[in-house]
Amino acid sequence: MKFGKMLLSLLLILALCGCGEPVSDEISENPENPENEEISEKAENEDTAAEYGNVKEYRLPRAAEWFIGKDSFDKLYEYIDNDESVIYGMDSRYGSNPVVDDGDLLILADDDQKNNIIQNNLKLMEQGVAKIKTMAEENMVEWSDDFSSITYTVDESTIWGDLDNFEAAARKSTQFVWMNQLLLINRVLYSCDCNAAIRIIYKNVNSGHIVTSGIFPYEGITMSYDDWKKSSTEDVLRSSAFEEDADLRMAVKEISPEKIIFTPIDNEQFYKDDESLCLCRGSVYDEVIVPHDLAAGDVVILRLNGLYAVHDDGDDIPDIAPKALIPERYIDVGK
């Protein structure tokens, strides 16, 4: 089932989230401020913060570039393939001045425009639910009112039925990815939290037990066939794919564009003799999502297997290659 695990890992397309920041009076009133040249350009057209009154800048997952204002879940492939991005023209009902920045989408939106995006995303998600139910009539999808969690209750064929057909399996998993991203966009807008996370849960429709769960976008949503079989009689609280890993609490000691240095807090299982551990950013070992506001003193959960990364970064601090970095404040999201 190695191939199946790989496909199911595609359920997590890494996406960063966005913040809602008020457009400052200094910028809107002084568009020639050289320190804010990019925002100044935004304020030159008619969609200025002063005219809207309650405009904020939102940093959204990059997928929003192709999702905002669209009317068909079925056509999302087409929108992406044709690069029908809002940066080439944004419907004023949903905001203005879209800019791609550091892998995210920045937009300006007032409360009405923000709500229009949320409501349109919900329409797309309802269409997505209809698609998932075509896979099996008994399939169900539910999400919380605050957009902090989504639960898929599905049958075995939905997850494992097309593994001999890569294109069909990839297309199917991508539909779940889009649902997750649409919900994440709504969570970001609803909470005004640029680092927002959502809890994703899969349940076995026959037993009602959990097959797998995860905190998106900070960890992969993975399941094995052993997990599926186990879910027929009990909840699977940890995938067998991570049976050799441990989730360890670490405090951020230092952070820079080049590296993050952690101090272990709970290290009874691994790294008992290490005062500090280092993640080199931009290296082959850096596969985690780092929240925009991560700072010294923050506590995170690192998923590690006790091994070290072989990497020469010019210091004596042991290097690590975590499979996930989850801000501790999101551990209970969606519960």
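What you see is a predicted model, and the numbers here were worked out from it, not measured in a lab.

Enquirer: Any chance you could explain helix H9 (residues 166–191) here in plain terms?
Expert: An ideal rise of 1.5 Å per residue puts 38 Å on 26 residues; H9 measures up with 37 Å between its terminal C-alpha atoms. For H9, the buried fraction is high: 19 of the 26 residues fall into the buried class. Phi turns positive, to about 55 degrees, at cysteine 192, one or two residues after H9.

Enquirer: Quick question: what am I supposed to make of the layout of surface pockets here?
Expert: Think of a ball as big as a water molecule: rolled over the atoms, this probe shows where empty space is left. Counted as a void, the second largest pocket has a volume near 420 Å³. In terms of lining residues, the second largest pocket is bounded by 21 residues, among which Arg199, Ser213, Glu219, Leu237 and Arg303 are the most central. Those elements that provide at least two residues to the lining of the second largest pocket are strand S7 (198–204), strand S8 (210–216) and strand S12 (299–304). If you tally residues by element for the lining of the second largest pocket, the top one is S8, at five residues.

Enquirer: Help me out: how do you make sense of the pairing of S8 in this one?
Expert: On any regular strand, side chains alternate: one points to one face of the sheet, the next to the other face. With six of its seven residues buried, S8 lies for the most part within the structure. The antiparallel pairing of S7 with S8 creates a hairpin that spans five residues between the two strands, and glycine 208 there sits at a positive phi of about 80 degrees.

Enquirer: Looking at this structure, I do not really get the side chain of asparagine 195. What am I missing?
Expert: As for its placement among the helices and strands, asparagine 195 is situated in the loop between H9 and S7. Residue class for asparagine 195 comes out buried when judged on its relative accessible area of 1%. Here aspartate 293 takes part through its side chain, which lies 2.9 Å from a polar atom of the side chain of asparagine 195.

Definitions and limits used
Sequence order as written defines the numbering, with residues in each chain counted from 1. Reporting in this predicted model follows two pLDDT cut-offs: at least 70 for local features of residues, and 80 or more for side-chain atom pairs to be given and counted; totals over whole chains, interfaces and linings ignore these cut-offs and use all residues. The side-chain values count all of the structure's non-hydrogen atoms but skip hydrogen atoms and water molecules. Each helix is a run of DSSP H or I of at least 4 residues and each strand a run of E of at least 2, with the numbering of both proceeding from the N terminus. Expected span of a helix, by definition, is 1.5 Å for each gap between consecutive residues, and there is one gap fewer than residues. For every residue, the accessible area (1.4 Å probe, protein chains only) is compared with the maximum for its type, and the residue is labelled buried under 20%, exposed over 50%, or partly exposed between those bounds. Within this scheme a cavity is a closed region of a 1 Å grid, computed over the protein atoms alone, that accommodates a 1.4 Å probe without allowing it to escape, whereas a pocket is open but has protein on both sides within 12 Å along at least five of seven lines; lining residues each have an atom within 4 Å of a point. Grid points are joined across faces, edges and corners, and a volume is the space filled by probe spheres set on the points. Note: two strands are recorded as paired if DSSP finds a minimum of 2 bridges between them. Nitrogen and oxygen atoms within 3.5 Å of one another constitute a polar contact, given that in protein one can donate a hydrogen and the other can accept it, and given that sequence-neighbouring residues count only through two side-chain atoms.

Purely spatial values, then, with no claim about function.
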